[in-house]
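# Breakdown of the fold
The lines below spell out each chain.
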Amino acid sequence: MATFTERMAPVLVLWLAMSLSGTWAVDKGNFKTCDQSAFCKRQRALKPGESPYRALLETMELTNTRLTLQLINDNNKVHLLLELYRLQGNITRVKINELKPLRPRYEVPDVLIREPLTEPLSLLSQDENGVVLSLGSESQRVIVSARPFRLDIMEGREVLMSLNSRGLLAFEHLRMRKDTQVDPEGEKKEEADPATQAEKAKEEEDKVEDGMWEETFKSHSDGKPNGPSAISLDFSLPGVEHVYGIPEHADTLRLKTTENGDPYRLYNLDVFQYELYNPMALYGAVPVMLAHNAQRTTGIFWFNAAETWVDISSNTAGKTVFGKMLDYVQGSNETPQTDVRWISESGIIDVFIMLGPTPKDVFSQYASLTGTQSFPPKAAVGYHQCRWNYNDQEDVASVDAGFDEHDIPYDYIWLDIEHTDGKRYFTWDPHKFATPKEMLQGLVEKKRKMVAIVDPHIKVDSNYKIHNEIRNKGFYIKNKDGGDYEGWCWPGSAGYPDFTRADMRDWWASMFAYDQYEGSMENLYTWNDMNEPSVFNGPEVTMHKDAVHGAWEHRDVHNLYGFYVQMATAEGLIQRSGGVERPFVLTRAFFAGSQRYGAVWTGDNAAEWDHLKISIPMCLSLGLVGISFCGADVGGFFKSPSTELLVRWYQTGAYQPFFRAHAHLDTPRREPWLFGPDNTALIREAVRQRYTLLPYWYQQFYHAHRTGEPIMRPLWVEYPQDPATFALDDEFLIGRDLLVHPVTEEGARGVTAYLPGKDEVWFDVHTFQKHNGAQNLYIPVTMSSIPVFQRGGSIIPRKIRVRRSSSCMMHDPYTLYVALNPQRTAEGELYIDDGHTFNYEKKEFIHRKLSFAKNMLSSANLAPDAQFSTRSWIERIVILGASKPSKVTLKTAEGQESQLEFDFDASMSVLTLRKPGVNAGLDWNVTLQ
């Protein structure tokens, strides 16, 4: 290997030099456009029109749980098999595969949490033109039209969604290469005029276009032994103008139309400092789209892990508000419609249509398929301090002490790749990190934790235990010739474990055991980076598509690789504790279902104002498709932020689910205290706001884990009938009750926030000023301002005493903030558990409902069968929008009554009740008289 390493060394040096130099911009030429991706170009060349596919109704079979039906392509006589399922919870599943493929086509395993439960389908009517099936309720049905084939899902007289209505269904059947061909489709041809049919089919079969059997991009060639295998299907959404989702893209929350450019691309890639506001692929891919209008929300889950492109068109795109008004005045009756087309390189068509009708129904439907956000340890919801790299143990100790010295809380300090022995993961640099357990023990004593990076590229080195074991067990991905696939990454020449194999994942998980991962302790957690996978000398900086995973090519499984890496790592962290402790794993690459295994961040962003702005829609998009635990590198990974940008980024990050500062090796140090005392104070205040709100944040994570609802959510999720919210992506809600409009403009003197809800009120959480809903509110800002509002009608618990880490605050008392609505009522919850184990699954937690009505605030048990005790008590109650009482009486569960002291601020209508002193886990009530 030495000669290969020597040969490749200049390449790596050059790559690093580019990475570390001042040219901080993506080289778009490294990544394909649709025109450079042969299958995308082929499929996109098909224009809407009459579909060549028709349904052979005589082949229909209907059982209690599914309908099957053959389709035929009249151009080439290839038969497809359509399967239609009605699933529990208002979901319809449509699968299309070849009836008799030359070899099996890939179907995605391991992503669904179980085989979806079906419900009965019944036939309502049938004639020579098609069939009508009931989807349960009398009004909801699916119409299968025969010639051309199309599917319409209806409710009453309204079409909710149509499939193949624009005739863009395409299914490239597997075939023998022309020069080696026997006719594998012969048996499938229909009886008709054999001569004409055979001629026509042969023409179709013999048509060889560029890129069907091999494809070249830059210096890389992709041999395609299976030939063309792309699939495509169009969906029409009548009445819809707003679609969302399909992360990951650095773009607006509301997806744009793509007619005048490239489609949105889903293909996990290591994109070096990505550009904003374009449809290029990034690190992760979740093929889920939500469609919303004031009447209904629906979702499409395109269940395919190959490279995928998504085209979006709309009949109202480009119309100005004036143009739409003109249509209205002139009585134009064109219904708005959005058309979406999915194109994938391989696999089968397998799509779950989630019919809502509410946003929360769609979240619940998607969660029933792929699971919910994992429930993290409470500490992981705190603040994380990271850079590439903290140099050695002394550096770690010094940064840790700096937080104490400047009175800024944090929970995790992170180590990037330089902590290892020569980029050999699961090891420590013997000089810089000679006694890792000593370092970790120092953090334990302060109730703090560490994260160390473990990437999935393994240094090819016969003196490295991990490499030797993977090679000896045959666990590496293979190249097309059967040898171990090798590419170039941080260690130099590297092998890539085949995480699609369950036995490989089991072995990987076992490497996190304390006796295997030397120097690790229970407060060391894991970061999986570069898991797209990143291959510096590969096509598009990733793996060759003709690399081999057992029976499958890499092209079939590409978007699953990062999902499997995080799955195996999380499993390893669970196993090392005997199944007791919750893991924390951050991943860069992801797929549908990745929410079950930990957190995601938006990758290698830059210290620019636009990158701060884009973090909001990027995390909102991820939340809509189940991945709630999202954040962006605070301060920007590349470049150096101005102090103003850094402060504003802390203020924004403090109100996003994953809160971590991170920076590139080449940037000046930027710990929070390095920018003068005034900026240190501003950053300290932002981080402290995060810590006071941890009880509310933790409750939101619990709720997301139970329901699949996003934590950080667009306003339209809670106000689905208010069109003013549909395209907003510079403000957001945390749960239902906190609205945040971060300051993301340089030199801002004010921001305008939209406060939704026409009969609602919102309270500024800093000043307690009350504002009416359904208005655009101008808010003057200074450098200390973080505009945050609490919804009238809500109760939010906080812990006002901020200590050095979240664990240090475990037994501290609560302050309840009760914000009254115009009806003078409010409600909220309080959730408490041990903060780090899976014991909550054994009903070891406290879950209480807090209610204010008729001048009485009460705490009642939401989980009478649960058992847990807390030392925390209620220290203070602050009621916003209150009137002055003559006296305040506390009544405990035992029936004891006592008078409480209170203060009333008449100018702001704020009533503060002092020291109720009741245990947070018990029943009690407080009456205002």
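One numbering rule holds for all chains: residues counted from 1, following each sequence as written. Local features are withheld for residues below a pLDDT of 70 in this predicted model, meaning they are given only at 70 or higher, and side-chain atom pairs are given and counted only at 80 or more; totals for whole chains, interfaces and linings count all residues. To get the side-chain values, all heavy atoms of the structure are used, and hydrogens and water are removed first.

### Considering the sheet that holds strand β26 (residues 492–495)
By definition, two strands form a pair when at least two bridges between them are found by DSSP. For helices the rule is a DSSP run of H or I covering at least 4 residues; for strands it is a run of E covering at least 2, with both sets numbered from the N terminus onward. With respect to topology, three strands assemble into an open sheet ordered β24-β26-β25, the strand pairing being antiparallel. Edge positions in the sheet fall to β24 (458–459) and β25 (486–489), since each of these pairs with one other strand and no more. Taken together, the two bridges between β24 and β26 define a ladder with antiparallel strand orientation. Bridge pairing links I458 to G495 in β26.

### A few points about the state of the cysteines
By definition, a disulfide links the sulfur atoms of two cysteine residues through a covalent bond. Defined by distance alone, a disulfide is two cysteine sulfur atoms within 2.5 Å. Summed over all chains, the structure comprises two disulfides. Between the sulfur of C34 and that of C40 lies a disulfide, 2.0 Å long from S to S. Negative torsions about the S-S bond denote left-handed disulfides, and the value of about -100° found for C34 with C40 makes this one left-handed. Side by side, C34 and C40 carry an identical accessibility label, which is buried. The disulfide partner of C619 is C630, and the S-S distance across this bridge is 2.0 Å. Handedness of the C619-C630 disulfide follows from its S-S torsion of about -75°: it is left-handed. Of this pair, C619 sits in helix α12 (residues 609–624) while C630 sits in strand β32 (residues 630–631), placing them eleven residues apart in sequence. For C619, a relative accessible area of 3% gives the class buried. Any residue under 20% of the maximum accessible area for its type is buried, any over 50% is exposed, and the rest in between are partly exposed; the area is computed with a 1.4 Å probe on protein chains only.

### Quick word on the pattern of salt bridges
Just to be clear on terms, a salt bridge is a Lys or Arg side-chain nitrogen sitting within 4 Å of an Asp or Glu carboxyl oxygen. Applying the stated criterion across every chain yields a total of 62 salt bridges. Note that E540 is salt-bridged to R265, the shortest N-O span being 2.7 Å. Of the two residues, E540 is situated in the loop between β27 (524–528) and β28 (548–549) and R265 in strand β15 (residues 264–266); the sequence distance between them amounts to 275 residues. The burial state of E540 is the same as that of R265; both residues are buried.

### A few points about the packing of aromatic side chains
When two rings of Phe, Tyr or Trp (its six-membered ring) have centres within 6.5 Å they constitute a pair, described as stacked for plane angles under 30 degrees, edge-to-face for angles over 60, and tilted for the intermediate range. Evaluated as defined, the whole model comprises 53 aromatic pairs. With 6.4 Å between their ring centres and 85° between their planes, F235 and W302 make a pair best called edge-to-face. In this pair, F235 sits in strand β13 (residues 231–238) while W302 sits in strand β17 (residues 297–302), placing the two residues 67 residues apart along the sequence. The exposure class assigned to F235 is buried, which follows from its relative accessible area of 0%. W302 sits in the buried class, given a relative accessible area of 1%. Geometrically, the ring pair formed by Y383 and F403 is tilted, given 6.1 Å between the ring centres and 50° between the ring planes. Placement of the pair is Y383 in strand β21 (residues 383–385) and F403 in helix α6 (residues 393–405), with a sequence separation of 20 residues. Here Y383 matches F403 in class, with each residue buried. One aromatic cluster is present, formed by Y412, W414, Y525, W527, F584, W601, F629, F658 and F701 through successive ring pairs. For a ring to carry a charge above it, either NZ of a lysine or CZ of an arginine must fall within 6 Å of the ring centroid while also lying within 35 degrees of the normal to the ring plane. Across from the ring centre of W414, 4.7 Å away, lies the NZ or CZ of R660, which sits over that ring.

### Remarks on the sheet that holds strand β34 (residues 659–661)
Consider a sheet: its strands pair through backbone hydrogen bonds, and that pairing is either parallel or antiparallel. The nine strands are arranged β32-β31-β30-β27-β23-β22-β21-β34-β33 in an open sheet whose pairing can be described as parallel. Only two strands of the sheet have a single neighbouring strand rather than two, namely β32 and β33 (633–634). Running at roughly 140° to strand β23 (residues 449–453), helix α7 (residues 436–444) makes contact with β22 (412–415), β23 and β27 of the sheet. Throughout, a residue-residue contact means that at least one pair of heavy atoms, one from each residue, lies within 4.5 Å. Only the contacting stretch of a helix is used when fitting its axis, a line to C-alpha atoms as for every element, and angles between N-to-C directions run 0 to 180 degrees.

### A short note on α6
Over its 13 residues, α6 runs 18 Å from end to end, which matches the ideal 18 Å to within 8%, given 1.5 Å per residue. If you check which residues of α6 are buried, you get Q393, D395, V396, V399, D400, G402 and F403. Contacts from the buried residues of α6 go to β21, β22, α7 and β23. We call two N or O atoms a polar contact when they sit within 3.5 Å, provided that within protein one can donate a hydrogen and the other can accept it, with sequence-adjacent residues counted only if both atoms are side-chain atoms. N-cap assignment for α6: the residue whose side-chain oxygen lies 3.2 Å from the backbone N of E394 is D392. Phi turns positive, to about 60°, at D407, one or two residues after α6. What a helix should span is 1.5 Å times the count of its residues minus one.

### Re empty space enclosed by the protein
It is a probe the size of a water molecule, rolled over the atoms, that shows where empty space is left. Cavity means a closed set of points on a 1 Å grid over the protein atoms alone, one where a 1.4 Å probe fits but cannot get out, pocket means an open set with protein on both sides within 12 Å along at least 5 of 7 lines, and lining means a residue has an atom within 4 Å of a point. Grid points are joined across faces, edges and corners, and a volume is the space filled by probe spheres set on the points. Evaluated as defined, the whole model comprises nine cavities of 30 Å³ or more. Counted as a void, the second largest cavity has a volume near 130 Å³. In terms of lining residues, the second largest cavity is bounded by 15 residues, among which K32, F217, D222, P539 and K545 are the most central. Sorting the residues of the lining of the second largest cavity by element identifies β11 (214–217) and β12 (220–223) as the ones contributing at least two each. In this count, Pro and Cys sit with the nonpolar residues alongside Ala, Val, Leu, Ile, Met, Phe, Trp and Tyr, while Asp, Glu, Lys and Arg are called charged and the others, Gly among them, polar. Residue composition of the lining of the second largest cavity, by class: four nonpolar, five polar and six charged.

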